[in-house]
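Here is what each chain is made of, one letter per residue.
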Amino acid sequence: MAKQKMLDDLFHDTLKDIYFAEKKILATLPKMAKAVQSAELKAAFEKHRTETEGHVARLEKVFGVIGKKPVGKTCAAIMGITEEGAEIMEEYKESPALDAGLLAAAQAVEHYEISRYGTLRTWAGELGLNDAVTLLEATLKEEKATDEALTQIAESAVNVAAEAA
């Protein structure tokens, strides 16, 4: 009979999922930064790329906390979200709405990450992994701050420019 899966197994599987997602995001952000027209949005994407490198490093520490090797597991959700972003880059290339579309795609990524990091932080607490809680909470705060910054850029500039053109 197969071993019954427990919360620690689910935590590890979800950790592998978000690790894959962060690596995929690292590869995607430079393409998005290159495609956008807004200097402010480009700077936000570049800043988040640097932060994402830190997120990967923190995740590697969380793997260490649970005594596992940092390995990703293909995340269908992030593959779909990044594919949508690629479609926007293709379909709206040189369009006034391009930046608004890429910003929306970036926020979809942020919302996914916020969901995952919040869940992982809660599970780490329930599993008594206090060092992991601290690491995951730090990343969760950064993801929320990025989402808020993107909303500010959307409302103050990008959406207005897309509509006015």
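Conventions adopted
Residues numbered from 1 in each chain as written. Predicted model: local features only at pLDDT ≥ 70, side-chain atom pairs only at ≥ 80, totals over all residues. Heavy atoms only, no water. Axes fitted to C-alpha atoms, helices over the stretch in contact; angles between N-to-C directions. Helix = DSSP H or I, 4+ residues; strand = E, 2+ residues; numbered from the N terminus. Parallel < 35°, antiparallel > 145°, perpendicular 65-115°, else oblique. Contact = heavy atoms within 4.5 Å. Nonpolar A, V, L, I, M, F, W, Y, C, P; charged D, E, K, R; others polar. pLDDT = per-residue confidence, 0-100. Expected span 1.5 Å × (residues − 1). Buried < 20%, exposed > 50% of the residue type's maximum accessible area, 1.4 Å probe, protein only. Arc of directions from axis to C-beta. Salt bridge = Lys/Arg side-chain N within 4 Å of Asp/Glu carboxyl O.

*Asks:* Teacher, can you tell me more about the packing of helix 1 (residues 7-35) against helix 3 (residues 76-91) here?
*Replies:* Packed helices, taken two at a time, are described by their axes: the angle between them and the distance between them. Interhelical geometry of helix 1 versus helix 3 gives an angle of 10° and a closest axis separation of 10 Å. Judged by the inter-axis angle, helix 1 sits roughly parallel to helix 3. Residues Phe20, Ala21, Lys24, Ile25, Thr28, Lys31, Met32 and Ala35 of helix 1 form the contact with helix 3, whose own contacting residues are Ile78, Met79, Thr82 and Met89. Looking at the contact of helix 1 with helix 3, its residues break down into 8 nonpolar, 2 polar and 2 charged.

*Asks:* Sorry if this is basic, but what is going on with the confidence of the model for the protein chain here?
*Replies:* Low-pLDDT stretches of the model should not have their predicted coordinates read in fine detail. Scored by pLDDT, the protein chain comes out at a mean of 95, with 99% of its residues at no less than 70. Element-level pLDDT for the protein chain is lowest in helix 5 (residues 130-164), with a mean of 93, against a maximum mean of 97 in helix 2 (residues 39-65).

*Asks:* Would you mind going over helix 3 with me for this structure?
*Replies:* For the α-helix, the turn length of 3.6 residues means that residues three or four positions removed from each other point alike. Taking 1.5 Å per residue, 16 residues should reach 22 Å; helix 3 reaches 22 Å between its end C-alpha atoms and fits that length. Among the residues of helix 3, those classed as buried are Ile78, Ile81, Thr82, Gly85, Ile88 and Met89. For helix 3, the buried positions fall inside an angular range of 105° around the axis, keeping them on one side. Turned more than 90 degrees away from the buried face of helix 3, the exposed residues are Ala76, Glu90 and Glu91. For helix 3, the elements touching its buried residues are helix 1 and helix 4 (98-126).

*Asks:* Sorry if this is basic, but what is going on with the environment of Thr52 here?
*Replies:* Locating Thr52 in the fold gives a position in helix 2. Residue classification places Thr52 among the buried residues on the basis of a relative accessible area of 0%. With sequence-adjacent residues up to four places away left out, Thr52 is seen in contact with Glu22, Ile25, Leu26 and Leu29.

*Asks:* It is not clear to me how the pattern of salt bridges should be interpreted in this structure. Could you clarify?
*Replies:* A pair can form between side chains of opposite charge whenever their charged atoms are brought close. Taken as a whole and judged by the stated rule, the model has 8 salt bridges. Its salt-bridge partner being Glu51, residue Lys47 comes within 3.6 Å of it at the nearest N-O pair. In this pair, Lys47 and Glu51 both sit in helix 2, 4 residues apart, roughly one turn of the helix. According to the relative accessible area criterion, Lys47 is exposed, its value standing at 56%. The exposure class assigned to Glu51 is buried, which follows from its relative accessible area of 19%.

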